[in-house]
Amino acid sequence: MIHERRVAVVAGGLIALVPGIAHAHAVTTRYGDVVSGMLHPLTALEHAVPLLALGLLAGLQPPAGARLVITLVPLGLLSGMVLALLFPAIDVMVAVNRWSFIALGLLVALGRCLPDELLAAFGIVFSLSHGYENGLAMTPDMSGLRFGLGVALAGSAGVVLVAAATLPVVRRAGGLRIAVRASGSWIAAVGLMIIVV
Amino acid sequence: MVCRVARAARSVTLVSLFVVLAPGLALAHQQTGVSGGLISGFLHPVLGPDHVIAMVAVGLWGAQLGRPAIWILPITFPFIMASGGMMGVAGIPLPSIEVGIALSAVVLGIMVAGSVRPPLWVAMAIVGAFAIFHGHAHGTELPNAADPLAYGIGFVIATGLLHMSGIVVGLAIARPLGIRAVQACGVLIVVLGGHFLVDAVGTAA
């Protein structure tokens, strides 16, 4: 088991250093709109980082709170996509996405357990706003349903995986919990600067 | 023997799986400058020796101060630094930035060399005041980066890692010889910071 873990770590490290090209659009990938949708939130830092923060925040909560966030994220992402198709000119969504860096980062840095109502509000608002901006990235030749499904699948999977990885870490006091909170501070710091750009 | 073969087969399967899942450079339309922005942001603090010694000093001092400073400093520093970065991005001028950065190395080096233990709020005020200078220097470059978001992520990560390096070295204080070694690092930081300070004052004059 230990041997396999070592192999996995070494292989993962080596592969991460391999350069290559991944195209995030249906025209170039030829894998279809679902895959394009899946790649979009994960390959755009402005979506990937807040979704990471949302996962960390869910992981810092008791299991019931984490489950609540995890349930709301796909709903929010899909609702945001639908909203983008119906009303493609809600400029405030871009601002909400930028503020999501600061809000989610600070909440992670504080490392407190939040009431369910507040958790639900953050989960739905920020997943909706990011779903909306992902929806705007669709081109007329794409299938909205497939692209939206891809975005919701990848975004939710990312949040679930991060939350699942964070949950056991934060149960132990010490360095790892501090590392999770410090990463929240880093995300908020980045958000503070891009808000001015 | 059979066990070894089975283990090797599992390893090969695992590596193959990793290869199949190998990520590549993402070229979504608005993300073309990510790698450039990330690298330039990461290298900005790392290639500035005055930044490096000051950030490592923060980590060393945090380790000397122990709890709660050891975790409060790395959590709060990036946010305060980002406030300085925001001023830099917005074009709000800050006088004598290079002098402030060099001075931060000297002052923090003195704290480490002398194992100074002020109240937590004083330590926070000292580190926070200098963080603004460091953040401003990084932030000024941000709008010109290939990808400002990636640049910001790069320099925040680099700064955090420099703190962590300082904390890891600073944990040597658990041993008697380690206490002296960490203080010696403080003296070295004061000397280097002094050199940068003289240089910065000379340039400013």
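Residues numbered from 1 in each chain as written. Chains lettered and ligands numbered in written order. Predicted model: local features only at pLDDT ≥ 70, side-chain atom pairs only at ≥ 80, totals over all residues. Heavy atoms only, no water.

Engineer: Quick question: what am I supposed to make of the overall build of chain B here?
Structural biologist: Counting its secondary structure elements, chain B contains 8 helices and 1 strand. Residues classed as buried in chain B amount to 46% of the 205 residues present. Taking as baseline every contact in chain B between residues at least 6 positions apart, the subset at least 24 positions apart corresponds to 84%. Taken as a whole, chain B presents about 9,800 Å² of accessible surface, with 75% of it coming from carbon and sulfur. (Helix = DSSP H or I, 4+ residues; strand = E, 2+ residues; numbered from the N terminus. Buried < 20%, exposed > 50% of the residue type's maximum accessible area, 1.4 Å probe, protein only. Contact = heavy atoms within 4.5 Å. Areas by Shrake-Rupley, 256 points an atom, 1.4 Å probe, with all protein chains shown as cover.)

Engineer: What is the right way to look at the overall build of chain A in this model?
Structural biologist: On a plain count of helices and strands, chain A comes out with 9 helices and 1 strand. When the helices and strands of chain A are listed from N to C terminus, the series reads α-β-α-α-α-α-α-α-α-α. The C-alpha atoms of chain A give 17 Å as radius of gyration, which agrees with the globular expectation for 197 residues (16 Å, within 12%). If you line up chain A on its principal axes, its C-alpha atoms span 50 × 40 × 35 Å. The long-range share in chain A, meaning contacts at least 24 apart out of those at least 6 apart in sequence, stands at 83%. (Rg over C-alpha atoms; globule rule 2.2 N^0.38 Å.)

Engineer: What is the right way to read a nonpolar patch on the surface from this model?
Structural biologist: Residues and elements named next belong to chain B. Nonpolar side chains collect at one region of the surface, where I39, F42, L43, V46, L47, I157, L161 and M164 lie side by side and expose about 660 Å² of accessible area between them. Breaking the nonpolar patch down by element, the ones donating at least two residues are helix 2 (34-46) and helix 7 (148-170). For the nonpolar patch, the element with the most residues is helix 2, which contributes 4 residues. Take L43: it is sitting in helix 2. (Patch = residues over 30% accessible without salt bridge, like charges linked within 9 Å, V, L, I, M, F, W, Y side chains within 5 Å. Salt bridge = Lys/Arg side-chain N within 4 Å of Asp/Glu carboxyl O.)

Engineer: Whenever I open this one, the nonpolar core confuses me. Can you help?
Structural biologist: Inside soluble globular proteins, nonpolar side chains tend to come together where they are buried. Within the largest apolar cluster, 82 residues are counted, with the highest numbers of intra-cluster contacts made by W61 and V156 of chain B. Those residues in contact with V156 of chain B that sit more than four places away from it in its chain are W186, A189, V190 and M193 of chain A together with M81 of chain B. (Core = buried A, V, L, I, M, F, W, Y, C linked by side-chain atoms within 4.5 Å.)

Engineer: Can you help me understand the packing of helix 4 (residues 69-90) of chain B against helix 7 of chain B in this one?
Structural biologist: A pair of packed helices is captured by two measures, namely the crossing angle of their axes and the spacing between those axes. All names here are of chain B. Orientation of helix 4 relative to helix 7, taken along the N-to-C sense of each, is 155 degrees, at an axis distance of 11 Å. As judged from the angle between their axes, helix 4 and helix 7 are roughly antiparallel. The two elements helix 4 and helix 7 cross, and the hand of that crossing is right-handed. Taking contact as the criterion, the partners of I70, P74, F77 and M81 in helix 4 are, on helix 7, F155, V156, T159, H163 and I167. Tallied by class, residues from the contact of helix 4 with helix 7 come to 7 nonpolar, 2 polar and no charged. (Axes fitted to C-alpha atoms, helices over the stretch in contact; angles between N-to-C directions. Parallel < 35°, antiparallel > 145°, perpendicular 65-115°, else oblique. Left-handed = near helix turned anticlockwise from the far one by under 90°. Nonpolar A, V, L, I, M, F, W, Y, C, P; charged D, E, K, R; others polar.)

Engineer: Got a minute to help me understand helix 5 (residues 63-86) of chain A in this structure?
Structural biologist: For an α-helix, 3.6 residues make a turn, and residues three or four places apart therefore share a direction. All names here are of chain A. Counted at 1.5 Å a residue, the expected span for helix 5 with its 24 residues is 34 Å, and the 35 Å between its end C-alpha atoms agrees. Turning to helix 5, its buried residues are G65, A66, V69, L72, V73, G76, L77, G80, M81 and A84. Looking at the buried side of helix 5, the elements it contacts are helix 4 (45-60), helix 7 (116-136) and helix 8 (144-171). (Expected span 1.5 Å × (residues − 1).)

Engineer: Help me out: how do you make sense of unusual backbone geometry in this one?
Structural biologist: The general pattern is negative phi for most residues beyond glycine and trans for most peptide bonds. Residues and elements named next belong to chain B. Cis geometry marks the peptide bond from R67 to P68; its omega dihedral reads 0 degrees. Looking at where P68 falls in the secondary structure, it is placed in the loop between helix 3 (49-65) and helix 4. The phi angle at S96 is positive, at roughly 50 degrees, despite the residue not being glycine. Of note, S96 is situated in the loop between helix 4 and helix 5 (97-113). Look at S96 and you get partly exposed, because its relative accessible area is 44%. Even without a glycine there, the phi angle at S115 is positive, about 45 degrees.

Geometric values such as these leave the question of function open.
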